[in-house]
Each structure stands twice: as structure tokens, then as C-alpha cells.
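Residues per chain are reported as follows:
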Amino acid sequence: MKKMYFVWLLCMASILHAQNDSLPLRGLSIAAPQKENVARFVKFIYEELGPRKVNTLVLRIEYNFQYTSHPELVSDNPLSQKDVDDIVNACQNNNIKIIPQINLLGHQSWASSLGKLLTVYPEFDETPNVAIPEKYEWPNDDGLYCKSYCPLHPDVHKVVFDLVDEIIAAFKADAFHAGMDEVFYIGMTECPRCNGKDKAELFAGEVAKIRNHLAQSGKRLWIWGDRLIDGKTTGLGMWEASMNTTHRAIDLIPKDVMICDWHYERPDPTAAYFAMSGFDVATCSWRKPEVALEQQQMLVELRKNATKEMKPRYRGMLHTSWTSAANFLDMFYEENPKGDNDATTFKALFLK
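Residues numbered from 1 in each chain as written. Predicted model: local features only at pLDDT ≥ 70, side-chain atom pairs only at ≥ 80, totals over all residues. Heavy atoms only, no water.

(A) Seen up close, the overall build of the protein. Helices and strands together make up the secondary structure of the protein, namely 12 helices and 10 strands. For 352 residues, the compact-globule formula gives about 20 Å, and the C-alpha radius of gyration of the protein, at 20 Å, lands near that figure. Across the 352 residues in the protein, those meeting the buried criterion constitute 57%. Pairs at least 24 apart in sequence give 74% of the contacts found in the protein among residues at least 6 apart. Carbon and sulfur atoms form 54% of the exposed surface of the protein, whose accessible area is close to 15100 Å². Looking at the protein, you have 39 positive and 46 negative side-chain charges, and the mean spots of the two groups are 6 Å apart. (Helix = DSSP H or I, 4+ residues; strand = E, 2+ residues; numbered from the N terminus. Rg over C-alpha atoms; globule rule 2.2 N^0.38 Å. Buried < 20%, exposed > 50% of the residue type's maximum accessible area, 1.4 Å probe, protein only. Contact = heavy atoms within 4.5 Å. Areas by Shrake-Rupley, 256 points an atom, 1.4 Å probe, with all protein chains shown as cover. Lys, Arg positive; Asp, Glu negative; His and termini not counted. Charge placed at Lys NZ, Arg CZ, Asp CG, Glu CD.)

(B) Quick look at the layout of surface pockets. The calculated volume of the largest pocket comes to roughly 1100 Å³. Taken together, 34 residues make up the lining of the largest pocket; nearest its centre are Arg60, Asn103, His107, Trp110 and Trp322. Those elements that provide at least two residues to the lining of the largest pocket are β3 (97-104), β4 (109-110), β5 (113-114), α4 (116-120) and α8 (237-240). In terms of residue class, the lining of the largest pocket is built from 14 nonpolar, 12 polar and 8 charged. (1 Å grid on protein atoms, 1.4 Å probe; cavity = no way out; pocket = protein on both sides within 12 Å on 5 of 7 lines; lining within 4 Å. Points joined across faces, edges and corners; volume = space filled by probe spheres on them. Nonpolar A, V, L, I, M, F, W, Y, C, P; charged D, E, K, R; others polar.)

(C) Looking closely at the nonpolar core. Ranked by size, the top nonpolar core spans 94 residues in total, and within it Phe41, Leu59, Tyr149, Phe171 and Phe176 carry the most contacts. Looking at which element gives the most residues to this core, the answer is helix α5 (residues 156-170), with 9 residues. Those residues in contact with Phe176, other than ones at most four positions away along the chain, are Ile99, Pro100, Gln101, Ile102, Leu104, Val164, Ile167, Ile168, Leu214, Arg220, Leu221 and Trp222. Counting 14 residues, the second-largest nonpolar core is a separate cluster that includes Ile99, Trp222, Cys260 and Tyr264. (Core = buried A, V, L, I, M, F, W, Y, C linked by side-chain atoms within 4.5 Å.)

(D) Broad picture of unusual backbone geometry. Pro139 follows Trp138 through a cis peptide bond whose omega is 0 degrees. Assignment of secondary structure puts Pro139 in the loop between α4 and α5. Positive phi, close to 55 degrees, is recorded for Glu62, a residue that is not glycine. Here the phi dihedral of Lys172 falls at roughly 50 degrees; this positive angle occurs in a residue that is not glycine. On the secondary structure map, Lys172 appears in the loop between α5 and β6 (175-179).

Here it is, written out as C-alpha cells:
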């Protein structure tokens, strides 16, 4: 049965392959490799990404770089500029655009670990009253998933924009991905600056502030799109959409922000929602090949039947991996994978 499934999957991918080549964006979003895996990652770019016509690489850098503007925020054993140059050169030689990412606003902690920014600058914490537990569980009494920084703190943007500018220069990029997904802590009553503020306006204000900073140097902002979808009306809930009213920010943010629209369990057609709202949108897959291929085919059909105004907004597919680069490569080169994962889905989407 398992063998028949993989044969069917390969046939389906092959049938869709030719027409899906027409999608402008063929991307992979993945954590930047650790220093010891740079050479292996560069080899992967040459031998796999290039031949599969991948043209966009969103690299989650976070604090894994030797920042000179804020060395206090650098993680252990970070990438050097030489390491970055090796990745950049490989991508340039394969016509791949790099978009570096640092999570802004949300995802300032994970499970029982506080992120670098709030560890070094605890005054930026939107919820300093919420302690990071020794053993993390969900759900919890504090509603803690990931911490956020306070978007109204007067000093936070000086710090994060230094990092943004430095990483864009290091990767010779013309765009930056700010994350901004799964923001549960925003406009909290305990925050002396955000208390009583409209959550949609706070979220939109942060998007606009980052966008405007990037626009000064001709760079473009990319973000995840989940906080701009009404979780109750759509039935998508609190993870893939917003249940704390930030969805109204879709009418408040600049239309040149690139939206990365992720749905991993079903091929929800929300790309049309973003495109009709005036945004360029990439549909994002993860670890279910059949869902990813349906998402890809949906984009082909949307572009085929769209007006000349709408068609360019459906940019294409951005496949996501939520493990380390090393783990992804291990899965990718595994001869007999035990089941569907990030890598098998990537292979189904982007054939050689």
C-alpha cells in the first residue's frame, strides 16, 4: 500500500510538473545551516536547488550570524561573513534570490527557552510578568505560546533595525522576511504602552514601521499571512489565522508587503483573499505532499482564470521546513523515508 502511494504521488507530481513550471516563484524557506554544515548546504544548492529550478531561498538567520552592530545578540558558533559569501555565491550561480529572515514582533521565545533579544534586552518584553517555565506545556494558564516584544517600546526598533540592515547587506538581498506569524501576545493589558490600544492597529503599525524602514533603501518586506485572516469567520482558528482581531490589519498595511500564506493540513484557498485585497501572495506548504500538490495546482488554476490585474499577484509556491538545515538534508538524502516529511514534500513539488 505504501509503495502504491508513492507511485501515485510521483505520477501526480509528474503530470503537474510542466504546467507548474509557469509559476514565477519556486521557493524554499529553511533555517540557515550551522557553521559546520555550510559546505554541505552549498553542495545541496548546486546539486538540488539549481536543477529543480528553485529561484527563491528564504533563510531563517535569527542570531546565527557574526553581527558587528550588536555582538551581544550573536548566538554561539555563528556564521561568518565568509560562510555567508559561500552561500550567496552558490545562489547567484544558480539564479536563486536569497531573502534573510529574523523573527520580529512574535516568536521571541520557544518552549522553555527565551530568545536572544529578550534575554539581552528584557525591557522590550510585552509580557514581563509571564515567566518562561522550566517545562513548557500547551495549553497553559498564561496563554504562553511564544513571547513578543513590545512594538511601542521607544528603543526596540533601533536595535532590531540595526540587525535587519546588517543581514540584508551581508546577504546582498533586496528583500527581508520579518516572520510576524502566530502573534498571540499583542496589546496586552499589563503593558504600560500597549494597554487599551487596538490590536489590529498595533499589528499594522509594526508592519508599516518595518516596511517603511526597508523602503528607504529600496528593500521589500515579506511576512507570514496568518495574522491577517479572521480565524472565527473562516473556521481556521488561532494558529493558521487570528482570533485576537489582528485580521483587520489587512486593510491598514501597505499593499507592497509580500504575503506568505501557509496552510499545512488542507489546501485552503486563502491566496485569493490576499490577491483580491491587493497583495502579492505565495502559497506555503510543509510536510504533506498531496496537500502541497493540490495547493500548487490551485495556484495554476487561479492564474489561468485570473484577470490581468490579479494574475501577477499569485506568485507561486514557497515550501517551508521547520527543522534544522542538517535535519532537512538528512531527510532529503534518506534512501527509504519512513513517511511523508518536509523533504519528501519538497521533492514532490520541485522535480528535477
